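What follows is the residue order along each chain.
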Amino acid sequence: MTERKRVLVVGVGSIGERHLRCFQSTGRADVSICELNNDLESALAEPHDCAVIATPAHVHIANSIQAVRAGLDLFIEKPLSTSVEGIGELQALLQETGRKAAVAYVYRAHPALAAMKAALDSGKFGKPVQLVVVSGQNFPTYRPAYRDIYYKSHATGGGAVQDALTHSMNAGEYLVGPVDALVADFSHQVLEGVDVEDTVHVITRQGTVLGSFSLNQHQPANESMITVICERGMLRFEYQKSWYRWVTEPEGEWQVGFQETLERDTLFQRQASAFLDYLDDTSPPLCPLSAGLQTLAVNLSILDSVKNRTWMEPAHFLSSIT
């Protein structure tokens, strides 16, 4: 048996409250909280092993640097940040102190997505050649307070790109590799009370894979599908059905590769448990800091692509980190 971890959840909005609940549910952690109106420095002066950084995205790095300086490991909510400012300092501190860090892209805790990746990596279907990601959701139904929170501004991590599409992007990179180049378009189409984009289209190059991503936050149906077309078949992950399926023949029957009924908190509980395993050196992180940083560079590339009406390379942002 490993020792219980002392976990500090920094920021207890909706996602912070879920992390609090799910780390507690593992039975492997003693959890305390620090809200935005509390003093983080005082909270960090108390004994903790790690910090869950669940504040708005634009303060993730500053909060993380404080936590590492206090001797804590890090679990940082997605997206990693809204810019690359401070990333170099955080990386240097982590290397100097030997502290650990991971990013909370919860799709990576989905057993069906992990099973689909294993099937892709097995080579059974040949090389991936195309990635098609389609997602949509009625955002006001699930986040009725969106007009009043971080979502209303890019500066605080808002808009469809940084809030929702970033999940799809990170999952796509997990499955077929990092985005080398992209071109994007987005617009505010429907959502009332905000000016940020609620509809996004992105075309990517990911090595030899051609990718396309489409997302909106106003349609009635709640759906998220990731399809990978390979040389000898295709595989599809459907988030809401908690399965992935595959097919190899024209007009052939879809076969279920993996399916599991999940409760509301199941993925976040698994994510919390996986992070504790990482701290105990029994498994690697689901999403290492490097992968979260790559997806941050993708987010920033999308925003710049729309602004400049041109193709962008995420490596441009990664090379600017000092």
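Here the structure is a predicted model, which is why all the values come from computation and not from measurement.

(A) Quick look at the sheet that holds strand β3 (residues 50-53). Strand order in the open sheet made by the five strands is β2-β1-β3-β4-β5, with parallel pairing throughout. Each edge of the open sheet carries a strand with a single partner, namely β2 (29-34) and β5 (101-104). On average, each strand axis in the sheet is inclined to that of its neighbour by 20 degrees, with strand direction left out of account. Summarising the sheet, strand β1 (residues 5-10) and β2 pair through six bridges and their orientation is parallel. Across the sheet, Leu8 pairs through a bridge with Ser32, a residue of β2.

(B) Fine view of the packing of helix α7 (residues 159-176) against helix α9 (residues 289-308). At a minimum axis separation of 10 Å, α7 and α9 run at an interaxial angle of 125 degrees. Taken together, α7 and α9 sit at an angle that is classed as oblique. Note on packing geometry: the crossing formed by α7 with α9 is right-handed. Contacts from Val161, Gln162, Leu165, Thr166, Met169, Asn170 and Glu173 in α7 reach Ala291, Gln294, Thr295, Val298, Asn299, Ile302 and Leu303 in α9. Per-class residue counts for the contact of α7 with α9 are seven nonpolar, six polar and one charged.

(C) Focus on empty space enclosed by the protein. Evaluated as defined, the whole model comprises one cavity of 30 Å³ or more. The space that makes up the largest cavity amounts to roughly 70 Å³. Of all the elements in the fold, those that place two or more residues in the lining of the largest cavity are β5 and α8 (266-279). The leading source of residues in the lining of the largest cavity is α8, at four residues. A per-class count over the lining of the largest cavity returns eleven nonpolar, one polar and one charged.

(D) Looking closely at the pattern of salt bridges. Applying the stated criterion to the full structure yields 18 salt bridges. For the salt bridge of Arg21 with Glu17, the shortest nitrogen-to-oxygen distance reads 2.5 Å. Within this pair, Arg21 and its partner Glu17 are both found in helix α1 (residues 14-25), separated by four residues, close to a single helical turn. On the basis of relative accessibility, which here comes to 33%, the residue Glu17 falls in the partly exposed class. For the salt bridge of Asp281 with Lys100, the shortest nitrogen-to-oxygen distance reads 2.3 Å. With Asp281 in the loop between α8 and α9 and Lys100 in the loop between α4 (87-97) and β5, the pair connects residues that are 181 residues apart, well separated along the chain. With relative accessibility at 62%, the residue Asp281 sits in the exposed group. With relative accessibility at 17%, the residue Lys100 sits in the buried group. Here the salt bridges do not stand alone but share partners, grouping Glu17, Arg18, Arg21, Arg264 and Asp265 into one network.

(E) Highlighting the pairing of β1. Counting buried residues along β1, five of its six residues qualify, which places the element largely inside the surrounding structure. Crossover connection from β1 via α1 to parallel β2: handedness right-handed. Both β1 and β3 contribute to a ladder of four bridges, which runs parallel. If you follow Val9 over to β3, its bridge partner there is Val52.

(F) The arrangement of α8 in detail. A rise of 1.5 Å per residue sets the reference length of α8, with its 14 residues, at 20 Å; its end C-alpha atoms lie 20 Å apart and thus fit the reference within 8%. In terms of residue burial, α8 counts as a mostly covered element, since ten of its 14 residues are buried. Of all the positions in α8, only Thr266, Leu267, Phe268, Gln271, Ala272, Ala274, Phe275, Leu276, Tyr278 and Leu279 are classed as buried. A positive backbone phi angle near 65 degrees is found at Asp281, which sits one or two residues after α8.

Thresholds applied
Residues numbered from 1 in each chain as written. Predicted model: local features only at pLDDT ≥ 70, side-chain atom pairs only at ≥ 80, totals over all residues. Heavy atoms only, no water. Pairing = 2+ DSSP bridges. Helix = DSSP H or I, 4+ residues; strand = E, 2+ residues; numbered from the N terminus. Axes fitted to C-alpha atoms, helices over the stretch in contact; angles between N-to-C directions. Parallel < 35°, antiparallel > 145°, perpendicular 65-115°, else oblique. Left-handed = near helix turned anticlockwise from the far one by under 90°. Contact = heavy atoms within 4.5 Å. Nonpolar A, V, L, I, M, F, W, Y, C, P; charged D, E, K, R; others polar. 1 Å grid on protein atoms, 1.4 Å probe; cavity = no way out; pocket = protein on both sides within 12 Å on 5 of 7 lines; lining within 4 Å. Points joined across faces, edges and corners; volume = space filled by probe spheres on them. Salt bridge = Lys/Arg side-chain N within 4 Å of Asp/Glu carboxyl O. Buried < 20%, exposed > 50% of the residue type's maximum accessible area, 1.4 Å probe, protein only. Right-handed = clockwise from strand over helix to strand, strands pointing away. Expected span 1.5 Å × (residues − 1).

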